[in-house]
Amino acid sequence: MSESRQAQGGRSRPWRSDDAWRRLRELTPARIALGRAGSGLPTDALLAFQAAHAAARDAVHAAFDPTAIQDALAAIGHPVITVSSQAGDRVRYLQRPDLGRLLNDEDAQRLAEGAGEGCDLVIIIADGLSATATMAHALALTLRLLRHLPAHGVRPGPVIIANQARVALADAIGEQMKAAQSLILLGERPGLSSPDSLSGYLTWQPAPGRRDSQRNCVSNIRPGAGLGYDAAAHTLIYLMLEARRRRLTGVALKDDSATSPSLLQSP
């Protein structure tokens, strides 16, 4: 690195060009100030990039195994129903996003027959574009929601496990379940620093045809590098309560949860 001299307080001191970036590198996982080797990247930076790219690709193609989620919910006595979109398999899911938004006909009929009088909320746990994220984070968040929602008068229905699902699949599921609100937790498209990012999409009166502008999203749920489980549960419960009070979700419903007292009741 080349050196220059910088005046400060009447004195000069050595200054290296990488010093200006060191603090920025500590504040972000973004790939900045990687240096160079000739006209290319240093070997360690190149290998790190290739490893991150491989992790992102693996997350997209990872098989969704909800066994641990089902077992944990069964242990607390909460009913679980498994459904699939019309995509059928992973290849078709990636090639036909539209089919990932449509509920399998047999599953739609089964949900409608068992819906009864409906529920205040249906929670859907789905693979999305990163089953890795769903399997890592969805259960912990769901258990927190199920623990605290009754104290706020929210009556959740069975948890739905959805395979090959896009966000809008929650609209069809919510309609069949006669749910006042739907919350779908699913893995987001992996980034090169976030192969395990979970998001929750909340929709008031879900039904096919709902637009993305009619949903509220809480994103990057992953402790350490993103939003922790308690913080995510607090935000989602706040939005659910406000959605019920105002009878809407989406761009008209702002997230002011940071100004709200904790909505997670002490055990």
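On a predicted model such as this, the values are computed, not experimentally measured, just so you know.

## What to know about the packing of aromatic side chains
Logical step 1: Overall, the coordinates contain zero aromatic pairs when judged by the stated rule.
Logical step 2: Its end group placed over the ring of Tyr93, Arg166 keeps NZ or CZ at 4.3 Å from the ring centre.

## Points about the layout of surface pockets
Logical step 1: Roughly 310 Å³ of internal volume is contained in the largest pocket.
Logical step 2: Lining the largest pocket are 18 residues; nearest its centre among them are Arg166, Val167, Ala168, Tyr201 and Asp212.
Logical step 3: Sorting the residues of the lining of the largest pocket by element identifies β6 (179–187) and β8 (215–221) as the ones contributing at least two each.
Logical step 4: Along the lines of polarity and charge, the residues of the lining of the largest pocket split into eight nonpolar, two polar and eight charged.

## Some words on the pattern of salt bridges
Logical step 1: Per the stated rule, a full pass over the model turns up eight salt bridges.
Logical step 2: Arg96 is the salt-bridge partner of Asp98, the closest N and O atoms lying 2.7 Å from each other.
Logical step 3: The partly exposed category is assigned to Asp98, whose relative accessible area is 33%.
Logical step 4: Taking relative accessible area as the criterion, Arg96 reaches 33% and is therefore assigned partly exposed.
Logical step 5: Close ionic contact of Asp196 with Arg222 constitutes a salt bridge, the shortest N to O distance being 3.4 Å. Here the residue Asp196 occupies a position in the loop between β6 and β7 (198–204), and Arg222 occupies one in the loop between β8 and α8 (229–246), the gap between them amounting to 26 residues.
Logical step 6: Among the residues examined, Arg222 registers a relative accessible area of 10% and is labelled buried.
Logical step 7: Salt bridges sharing partners connect three or more residues here, namely Asp171, Asp212 and Arg215.

Cut-off values and rules
Residues numbered from 1 in each chain as written. Predicted model: local features only at pLDDT ≥ 70, side-chain atom pairs only at ≥ 80, totals over all residues. Heavy atoms only, no water. Phe/Tyr/Trp six-rings, centres within 6.5 Å; stacked < 30°, edge-to-face > 60°. Lys NZ or Arg CZ within 6 Å of the ring centre and 35° of its normal. 1 Å grid on protein atoms, 1.4 Å probe; cavity = no way out; pocket = protein on both sides within 12 Å on 5 of 7 lines; lining within 4 Å. Points joined across faces, edges and corners; volume = space filled by probe spheres on them. Helix = DSSP H or I, 4+ residues; strand = E, 2+ residues; numbered from the N terminus. Nonpolar A, V, L, I, M, F, W, Y, C, P; charged D, E, K, R; others polar. Salt bridge = Lys/Arg side-chain N within 4 Å of Asp/Glu carboxyl O. Buried < 20%, exposed > 50% of the residue type's maximum accessible area, 1.4 Å probe, protein only.

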